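This is what each chain is made of:
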Amino acid sequence: MKRFMMFVFIITLISVLAIAQGYVKNVILLIGDGMGINQVLLSSYIEGRVLNMMKAPYTGYVITYSANSNVTDSAAAGTALASGFKTNNGFIGVLPDGTPVPTIAEIAASKGINTGIVVTCRVTHATPGAFYGHTNDRNAELVLAEQLVESPLKVVFGGGWSYFLPDTKGGRRKDGKDLIELAKNKGFDYITTKTELLNYDGERVLGLFASSHMSAVTERKPEEPLLPEMTKKALEILSKDGKPFFLMVEGSQIDWECHGNDIFGVWKETIEFDDAVKVALDFAEKNPDTLVVVTADHETGGLGLSTGNYTFDIEKIRNYKKTADWIAANWDKKSPDELKELVKEYFNVEFTDDEVEYVIAEAGKSRYGAGNAIGRLLSNKAQIGWTTFDHTGATVPVFAFGPGAENFTGILDNTEIPRIIGRLAGYPLTYPVHSVPLVGTH
Ligand SMILES: [Zn+2]
């Protein structure tokens, strides 16, 4: 009995020391796509509270340029955050010369660690793809779907089931392959609704809740789960067997609202993402050997908190009730007056004749023209500015909680994020780093 008590005491001592030493058992990496610091701050102001991610004891800045541009896309940035290498825009999990490189999720799984990804876009899209896929064409989503099914991932939640099914079964595959059947043969359970998600208690699951991307959070359908709900279930599954895990969670659609210069959409998508951060922090509170890292792959839109006069109008934004894309989709483009009525009803804002003309002109130029123009105008009404409808080269924030979090301070290159995580969690990315000089500086 005495010997047994001594044994228990020693084991407890070791685990306490390990945690004190900053032993990282579990990792939750949360990526806000397109989320610069101003997107975080603006959402905090509108909510009138400090967001969960902002409560981090350790914060820093992350540089995001890619191997062939000062301004990255999500594929190259995702590869940097997943594999620790710079690559070309549009490339996923390969170097500029096409050489495949292992991702942190693959390396972790090779050491028997549970891995998962949770997103609100298609699971074959750039950022999730960067954690399991290898292709020099981010648009090769039918190929990425095959690579996902062959991957060691235990949990996959998001949209995109049409990329896994042949056209004979309502999918978009022309090769006749039924990857859902294949996934089941490889041990995945398959679910497609929120009800199934909330009731799921298995070990390995592919959850695809929309044929393509999931709906924007402001228009999420009843049977499409929210990001915090998917995150909670993923943590439950990945931690069930007591093994360490690595989970990547993406707030995928912050980026799209920024592309549309839509501050209402940015606000709502950032809050959905921050709610998922809260779920991660609650888990870490109960499991103190869990490292939580919150960052972004790049900033989108060049969001500016004021267009002049030393102010911007938070109160006005709080009255906004719809996304610009919703207005564009629900407006009969032949009726200028209807547009005026819609923005009056849902934003309590007056559009001038010139502004309506501008929207109509932009509507004729591209699929997103009307939504982008409405988004830009509604931002300007609240004295919020944007420099572009595309990505920018701005740094993005990193917020870190838990053991080893002190390593995520100062100015970091995006390739360092997974390298620090790997070192702390015991699955280092040992491949050599190709030091790619900053474009335009050499
Ligand atoms: Zn983007």
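K.L.:
Explain the overall build of the protein chain residue by residue, including any values.
P.N.:
Broken down by element type, the protein chain carries 17 helices and 12 strands. On C-alpha atoms alone, the protein chain measures out to a radius of gyration of 22 Å, which is about the 22 Å that the 2.2 N^0.38 rule sets for 442 residues. Seen along its three principal axes, the alpha-carbon backbone of the protein chain occupies a region of about 85 × 55 × 50 Å. The long-range share in the protein chain, meaning contacts at least 24 apart out of those at least 6 apart in sequence, stands at 72%. Carbon and sulfur atoms provide 55% of the accessible area of the protein chain, an area that totals close to 18,100 Å². For the protein chain, the distance from the average position of its 42 positive side-chain charges to the average position of its 54 negative side-chain charges is 6 Å.

K.L.:
Summarise the pattern of salt bridges; cite the residues concerned and give the values.
P.N.:
Considering all chains together, one arrives at 21 salt bridges under this definition. Sharing partners across several salt bridges, the network here consists of E146, R173, D175 and K177.

K.L.:
Go over the nonpolar core, please, and point to the residues and values.
P.N.:
Formed by 127 residues in total, the largest nonpolar core has its most connected members in L30, F131, F157, F164, F351 and F408. Here the element with the most residues in this core is helix α11 (residues 263-286); it accounts for 13 residues. Three or more residues apiece are contributed to this core by two domains, here domain 1 (26-303 + 389-425) and domain 2 (314-381). Excluding anything up to four places from it in sequence, F164 contacts V123, T124, A145, L148, V149, R173, K177, D178, L179, I180 and L208.

K.L.:
Run through the coordination of the zinc ion, naming residues and quoting values.
P.N.:
At this site the zinc ion is bound by D255 (OD), D255 (OD), H259 (NE2) and H391 (NE2), with donor distances of 2.0 to 2.5 Å. For the zinc ion, the 4 donor atoms in the first shell make angles of 57 to 151 degrees at the metal, so the coordination geometry reads as irregular. Donor residues binding the zinc ion come from one chain and are separated in sequence as D-x3-H-x131-H. A residue pair is termed long-range when its members are at least 10 positions apart, and H259 in helix α10 (residues 254-259) and H391 in strand β10 (residues 391-392) qualify at 132 residues. Here H391 falls in the buried class, since its relative accessible area comes to 16%.

K.L.:
If you had to explain helix α17 (residues 416-425) to someone new, which residues and values would you point to?
P.N.:
Across the 10 residues that make up α17, a large majority, 7, are buried. Turning to α17, its buried residues are I417, P418, R419, I420, I421, G422 and A425. Phi for G426, located one or two positions after α17, is positive at around 85 degrees.

K.L.:
How would you explain the packing of aromatic side chains if you had to name every residue and give the values?
P.N.:
Counted under the stated rule, the structure contains 7 aromatic pairs. Relative to F209, the ring of F157 has its centre 6.0 Å away and its plane inclined at 55 degrees; by these criteria the two rings are tilted. Highlighted residues: F157 in strand β4 (residues 155-159) and F209 in the loop between β6 (205-208) and α9 (227-239), separated in sequence by 52 residues. Comparing F157 with F209 shows no difference in burial state: the two are buried. On the numbers, 5.5 Å between centres and 65 degrees between planes, the contact of F245 with F283 is edge-to-face. With F245 in strand β7 (residues 245-251) and F283 in helix α11, the pair connects residues that are 38 residues apart, well separated along the chain.

What counts and what doesn't
Residues numbered from 1 in each chain as written. Predicted model: local features only at pLDDT ≥ 70, side-chain atom pairs only at ≥ 80, totals over all residues. Heavy atoms only, no water. Helix = DSSP H or I, 4+ residues; strand = E, 2+ residues; numbered from the N terminus. Rg over C-alpha atoms; globule rule 2.2 N^0.38 Å. Contact = heavy atoms within 4.5 Å. Areas by Shrake-Rupley, 256 points an atom, 1.4 Å probe, with all protein chains shown as cover. Lys, Arg positive; Asp, Glu negative; His and termini not counted. Charge placed at Lys NZ, Arg CZ, Asp CG, Glu CD. Salt bridge = Lys/Arg side-chain N within 4 Å of Asp/Glu carboxyl O. Core = buried A, V, L, I, M, F, W, Y, C linked by side-chain atoms within 4.5 Å. Buried < 20%, exposed > 50% of the residue type's maximum accessible area, 1.4 Å probe, protein only. Domains from an automatic or database assignment. Donors = N, O, S within 2.8 Å, 3.2 Å for Na, K, Ca; no water. Tetrahedral: all angles 85-135°; square planar, octahedral: opposite > 155°, others 65-115°. Phe/Tyr/Trp six-rings, centres within 6.5 Å; stacked < 30°, edge-to-face > 60°.

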